[in-house]
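Now for the letters of each chain:
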Amino acid sequence: AHPFDRHRLAGGEAGEFPAKRHRVAEEVKEEAANFRVGDSVQAFWPDEDIWLPATVIKVLDCGSVRVAWEEDRSESTMPHDYVRFAPRARWKRMESRRAPG
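Residues numbered from 1 in each chain as written. Predicted model: local features only at pLDDT ≥ 70, side-chain atom pairs only at ≥ 80, totals over all residues. Heavy atoms only, no water.

**Re the pattern of salt bridges**
In total, this model carries 1 salt bridge according to the counting rule given. Glu75 is paired through a salt bridge with Arg66; the nearest N and O atoms lie 3.3 Å apart. Among the residues examined, Glu75 registers a relative accessible area of 44% and is labelled partly exposed. (Salt bridge = Lys/Arg side-chain N within 4 Å of Asp/Glu carboxyl O. Buried < 20%, exposed > 50% of the residue type's maximum accessible area, 1.4 Å probe, protein only.)

Pasting the structure below:
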């Protein structure tokens, strides 16, 4: 499967119904709408086949997401399915309640 298959219209041949095209476009926009500016996310970097930390800087009307990479703050526009929420830490280290002495 090609990574952008979800963005292609099913069939892709003459006689395709415009209603389906509209429905597919709306689904893409709805999925991208889950992201908000400032969200900590991971974005897929296909050159190295790895998910890297990033921050959402803009959600575009077409359903793509503009991110700033944490490593160097450079920006990229990614398809929404190349962006996912960063996993949350399972636990957080807390200070001991024990009083010194």
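**Here we look at the environment of Glu70**
Note on placement: Glu70 falls in the loop between strand S3 (65-69) and strand S4 (75-78). Between the C-alpha atoms of Glu70 and Thr55, which are 15 residues apart in sequence, the distance is 7.1 Å. In contact with Glu70, not counting residues within four places along its chain, are Pro53 and Ala54. (Helix = DSSP H or I, 4+ residues; strand = E, 2+ residues; numbered from the N terminus. Contact = heavy atoms within 4.5 Å.)

**A short note on the nonpolar core**
Among the nonpolar cores identified, the biggest contains 12 residues, and these are Phe35, Val41, Ala43, Phe44, Ala54, Val56, Val65, Val67, Trp69, Met78, Tyr82 and Val83. Only strand S1 (40-45), strand S2 (50-59) and S3 provide two or more residues apiece to this core. (Core = buried A, V, L, I, M, F, W, Y, C linked by side-chain atoms within 4.5 Å.)

**Observations regarding the confidence of the model for the chain**
In the predicted model, the chain carries a mean pLDDT of 76, and 62% of its residues have values of at least 70. The lowest-confidence element of the chain is helix H1 (residues 18-32), averaging 55 in pLDDT; the highest-confidence one is S3, averaging 96. Per-residue pLDDT stays below 50 along residues 12-16; that stretch engages in 4 contacts with residues further than four places along the chain or on separate chains. (pLDDT = per-residue confidence, 0-100.)

**Thoughts on the environment of Asn34**
For Asn34, the position within the fold is in the loop between H1 and S1. Put simply, Asn34 and His80 are 46 residues apart on the chain and 9.6 Å apart in space, counted from C-alpha to C-alpha. Asn34 has contacts with Asp39 and Phe85, leaving out every residue within four places of it along the chain.

**Let's talk about the sheet that holds strand S5 (residues 83-85)**
Strand pairs in the sheet, formed through backbone hydrogen bonds, run parallel or antiparallel to each other. With antiparallel pairing, 5 strands are arranged side by side in an open sheet as S4-S3-S2-S1-S5. Of all strands in the sheet, those with a lone pairing partner are S4 and S5, marking the two edges. Pairs of neighbouring strands in the sheet enclose a mean axial angle of 45 degrees, with direction left out of account. The pairing of S3 with S4 spans 4 bridges and is classified as antiparallel. Each bridged residue has a counterpart across the sheet, and for Ala68 the counterpart in S4 is Glu75. (Pairing = 2+ DSSP bridges. Axes fitted to C-alpha atoms, helices over the stretch in contact; angles between N-to-C directions.)

**Concerning unusual backbone geometry**
For Asp49, which is not a glycine, the phi torsion comes out positive at approximately 55 degrees. Along the chain, Asp49 falls in the loop between S1 and S2. In this structure, Arg73 takes a positive phi of about 60 degrees despite not being glycine. Tracing the chain through its elements places Arg73 in the loop between S3 and S4. Arg73 gets classed as partly exposed once you look at its relative accessible area, which sits at 47%.

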